[in-house]
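The primary structure of each chain is shown beneath.
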Amino acid sequence: MEKVKVKVVTAEGVTLPKYETEGSAGMDIRANIDEPVVLGSLERALVKTGIKMAIPEGYEVQVRPRSGLALKHGITLANAIGTIDSDYRGELGVILINLSKEPYTIQPQERIGQMVLNKIEQIDFEVVTSLDETERGEGGFGHTGK
């Protein structure tokens, strides 16, 4: 598997994200908070991680929910997937939301998301008057059934 060097600055005491298994696509990231944060039902909060990165040009980092938090506690990301662009140099924050009916307490250094490095390409639009025909055409939003 190819590895890409990413420069990182961490706040004091922050554990670097790491892959939990050899085949992991995402690295777990942790809450860099001094005190527990209680998220009530349908409440959201920006939780800092204490991490700043210099993502190489041509790449992005996606922050994704942790499946265990989502399944067991209804905790997910308010923006579904967060994108960190290669030119961003601020601290990584995770927008968590509680979709359950019960309050949930985020503990200091709790694993709150996972980050995935992705190679990207940018779009260069070519304006045309029509598009090629396909079997699907303009069908969408459930046009093939349930």
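Before any of the text, the structure's been laid out above.
What counts and what doesn't
- Residues numbered from 1 in each chain as written.
- Predicted model: local features only at pLDDT ≥ 70, side-chain atom pairs only at ≥ 80, totals over all residues.
- Heavy atoms only, no water.
- Helix = DSSP H or I, 4+ residues; strand = E, 2+ residues; numbered from the N terminus.
- Rg over C-alpha atoms; globule rule 2.2 N^0.38 Å.
- Contact = heavy atoms within 4.5 Å.
- Lys, Arg positive; Asp, Glu negative; His and termini not counted.
- Charge placed at Lys NZ, Arg CZ, Asp CG, Glu CD.
- Pairing = 2+ DSSP bridges.
- Axes fitted to C-alpha atoms, helices over the stretch in contact; angles between N-to-C directions.
- Core = buried A, V, L, I, M, F, W, Y, C linked by side-chain atoms within 4.5 Å.
- Buried < 20%, exposed > 50% of the residue type's maximum accessible area, 1.4 Å probe, protein only.

Student: Outline the overall build of the protein chain, listing residues and values.
Tutor: Check the secondary structure of the protein chain and you find 1 helix and 11 strands. Its helices and strands taken in sequence order, the protein chain reads β-β-β-β-β-β-α-β-β-β-β-β from the N to the C terminus. What you see for the protein chain is a C-alpha radius of gyration of 19 Å, clearly larger than the 15 Å of a compact globule of 146 residues, by over 25%. In terms of principal-axis extent, the alpha carbons of the protein chain reach across some 55 × 40 × 30 Å. Relative to all contacts within the protein chain whose residues are 6 or more apart in sequence, the contacts with residues 24 or more apart total 73%. For the protein chain, the distance from the average position of its 17 positive side-chain charges to the average position of its 22 negative side-chain charges is 8 Å.

Student: Residues and numbers for the sheet that holds strand 9 (residues 93–98), please.
Tutor: The antiparallel open sheet is built from 3 strands, whose spatial order is 4-9-7. The open sheet has two edge strands, strand 4 (44–48) and strand 7 (75–77), and neither has a second partner. Between one strand axis and the next, the sheet turns through 40 degrees on average, direction left out of account. Where strand 4 and strand 9 come together, 5 bridges link them in antiparallel fashion. Across the sheet, the residue bridging to Leu-46 is Ile-95, located in strand 9.

Student: Talk me through the sheet that holds strand 8 (residues 82–84); I want residue IDs and the actual numbers.
Tutor: In a beta sheet, neighbouring strands pair by backbone hydrogen bonds and run either parallel or antiparallel. Spatially, 4 strands are ordered 2-11-6-8 in an open sheet, and the strand pairing comes out antiparallel. The strands lining the two open edges of the sheet, one partner per strand, are strand 2 (27–30) and strand 8. Sheet twist, expressed as the mean angle between neighbouring strand axes with direction ignored, is 35 degrees.

Student: With reference to specific residues and values, describe the nonpolar core.
Tutor: Membership of the largest hydrophobic core comes to 25 residues, with the highest contact counts inside it found for Leu-96 and Ile-106. At the level of elements, strand 2, strand 4, strand 5 (51–54), strand 6 (59–64), strand 7, strand 9, strand 10 (104–106) and strand 11 (111–119) are the ones that each hand at least two residues to this core. Sorting elements by how many residues they give to this core places strand 6 first, with 3 residues. When sequence neighbours within four positions are dropped, the list of residues in contact with Ile-106 reads Ala-31, Ile-33, Pro-36, Val-37, Leu-39, Val-47, Leu-96 and Ile-112.

Student: Quick rundown of the pairing of strand 11? Include the residues and the values.
Tutor: As judged from the 4 bridges shared by strand 2 and strand 11, these two strands associate in the antiparallel manner. Paired with Ile-29 across the two strands is Gly-113, which belongs to strand 11. Judged from the 6 bridges that link them, strand 6 and strand 11 form a sheet pairing that is antiparallel. Looking at the pairing, Arg-64 lines up with Gln-114 of strand 11.

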